[in-house]
Amino acid sequence: MSEFKDRVVVITGAASGIGEACADVFRSAGATVIGWDLSGLNNCEPVDVSQWEAVHLAAGKVESQFGKLDVLVNCAGVITPNLPAQDVENDDYTKNFAVNVMGVVHTSKALYSLLCKSDSPAIVNIASQAALVSLPSQTAYSASKGAVTSLTRAMAIDWASVGIRVNAICPGFTATPMAMGQMTPELDAAVSRRVPLGRIFQPIEMAHTVEFLASPKASAVTGVVLPVDGGWTAGEPALPM
Ligand code: NAP
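Note that this is a predicted model, so its numbers are computed, not measured. (Residues numbered from 1 in each chain as written. Predicted model: local features only at pLDDT ≥ 70, side-chain atom pairs only at ≥ 80, totals over all residues. Heavy atoms only, no water.)

> Before we go on, may I ask you to explain the overall build of the protein chain in this structure?
Helix and strand content of the protein chain: 7 helices and 7 strands. Computed over its C-alpha atoms, the radius of gyration of the protein chain comes to 17 Å, within 12% of the 18 Å expected for a compact globule of 241 residues. Residue burial in the protein chain is summarised as follows: out of 241 residues, 49% are buried. Summarising the internal contacts of the protein chain: among those between residues at least 6 apart in sequence, 75% fall at separations of at least 24. Counting every atom, the protein chain has about 11200 Å² of accessible surface; 57% of that belongs to carbon and sulfur. Computed over 15 positive and 22 negative side-chain charges, the inter-centroid distance for the protein chain is 7 Å. (Helix = DSSP H or I, 4+ residues; strand = E, 2+ residues; numbered from the N terminus. Rg over C-alpha atoms; globule rule 2.2 N^0.38 Å. Buried < 20%, exposed > 50% of the residue type's maximum accessible area, 1.4 Å probe, protein only. Contact = heavy atoms within 4.5 Å. Areas by Shrake-Rupley, 256 points an atom, 1.4 Å probe, with all protein chains shown as cover. Lys, Arg positive; Asp, Glu negative; His and termini not counted. Charge placed at Lys NZ, Arg CZ, Asp CG, Glu CD.)

Written out as structure tokens, the structure is:
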């Protein structure tokens, strides 16, 4: 119940979906949670993670209030419309990279010195199964999430010497506003047929994996990119033979 007692946790994208579920899970485990999100809804501080100055300012408030940070969860993300590669606007690449990649860079850099003051610091990045297997008509999003997995490994190596563990999860289809905005009954049925575990997932299932990676139970785990996708990236569901 109190595994994260006295722990300070920053979660980006905490007003909605997977980030909101992470905030609930860490609060239930005793942590003090600071949510950063565009909107400022759901007890979040309004912070646009694509803007270095805004992130730097918000990190300064964490420093003056708490003097340290134990866990950073980089969950804020965007996805642009489904289009075949030849039709994707250059601006869509800019937008995906500004939030999904530079957001992670900004928060990780701005909060680095505070994480160094923790006795058990951890970063968990929310990438996507789209980083591991291609989703049709999502080149810009997939490329940005691929960059998040590379950043995760690179930061894990650079910061191992100061004890900061850096890991990522790659969620499969999860029932959040982002995914359900594109969901139709036909797509739901098709996704459920394609996922070996046979369904789309709930935000809380992602949050529990994030909690594990951020916890002392994962003290030997760093540089890992963990699919949380019901087996999608492991292979095709069994055929009726
Ligand atoms: P969501 O419900 O849309 O939540 C994303 C949150 O990030 C929203 O509250 C959004 O604010 C916020 N955000 C967007 N741009 C931001 C910015 N520049 N600065 C700060 N906050 C920003 O989506 P979700 O499905 O939970 O997504 C969470 C993460 O999981 C994302 O990184 C996503 O790529 C990843 N993911 C999701 C799935 C899935 O199936 N749901 C699968 C794989 C990976 P606004 O709503 O105000 O824009």
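> Can you walk me through helix H7 (residues 203-214) in this structure?
The periodicity of an α-helix, 3.6 residues per turn, causes residues three or four positions apart to be oriented the same way. End to end, H7 covers 17 Å across 12 residues, agreeing with the expected 16 Å (1.5 Å per residue, within 8%). The set of residues buried in H7 consists of Pro203, Met206, Ala207, Thr209, Val210, Glu211, Leu213 and Ala214. Here the buried face of H7 lies against helix H1 (17-28), strand E4 (71-74), strand E5 (122-126), strand E6 (165-171) and strand E7 (225-228). (Expected span 1.5 Å × (residues − 1).)

> What is the right way to look at the site of the ligand in this model?
For the ligand, the set of nearby residues contains 27 residues, the closest of which are Ser16, Ile18, Asp37, Tyr141 and Thr176. The contact in question runs from an oxygen atom of the ligand to an N or O atom on the backbone of Ile18, over 2.8 Å. Between Cys75 and the ligand, the recorded distance is 3.0 Å, taken from a backbone N or O atom to an oxygen atom. Secondary structure elements with two or more residues in the shell around the ligand: H1, helix H4 (139-159) and helix H5 (177-180). The element best represented in the shell around the ligand is H5, accounting for 3 residues. When the residues that make up the shell around the ligand are grouped by side-chain class, the tally is 16 nonpolar, 8 polar and 3 charged. (Near = heavy atom within 4 Å. Polar contact = N/O pair within 3.5 Å; in protein donor to acceptor, adjacent residues only side chain to side chain. Nonpolar A, V, L, I, M, F, W, Y, C, P; charged D, E, K, R; others polar.)

> Where do I start with the sheet that holds E5 in this structure?
Sheet strands pair by backbone hydrogen bonding; their relative direction is either parallel or antiparallel. Across the sheet, which stays open at both edges, the 7 strands sit in the order E3-E2-E1-E4-E5-E6-E7 with parallel pairing between neighbours. Looking at the sheet topology across the chains shown, the edges are occupied by strand E3 (45-46) and E7. Two elements, E5 and E6, share 5 bridges in a ladder whose sense is parallel. Residue pairing across strands places Ile123 opposite Val166, the latter belonging to E6. Packed on one face of the sheet, helix H2 (residues 52-66) meets strand E1 (8-12), strand E2 (32-37) and E3 and runs near 165 degrees to E2. Together, E1, E2, E4 and E5 form the strand contacts of helix H3 (residues 90-115), whose direction differs from that of E4 by roughly 175 degrees. (Pairing = 2+ DSSP bridges. Axes fitted to C-alpha atoms, helices over the stretch in contact; angles between N-to-C directions.)

Interpretation note: all reported values are geometric properties and have no functional meaning in isolation.
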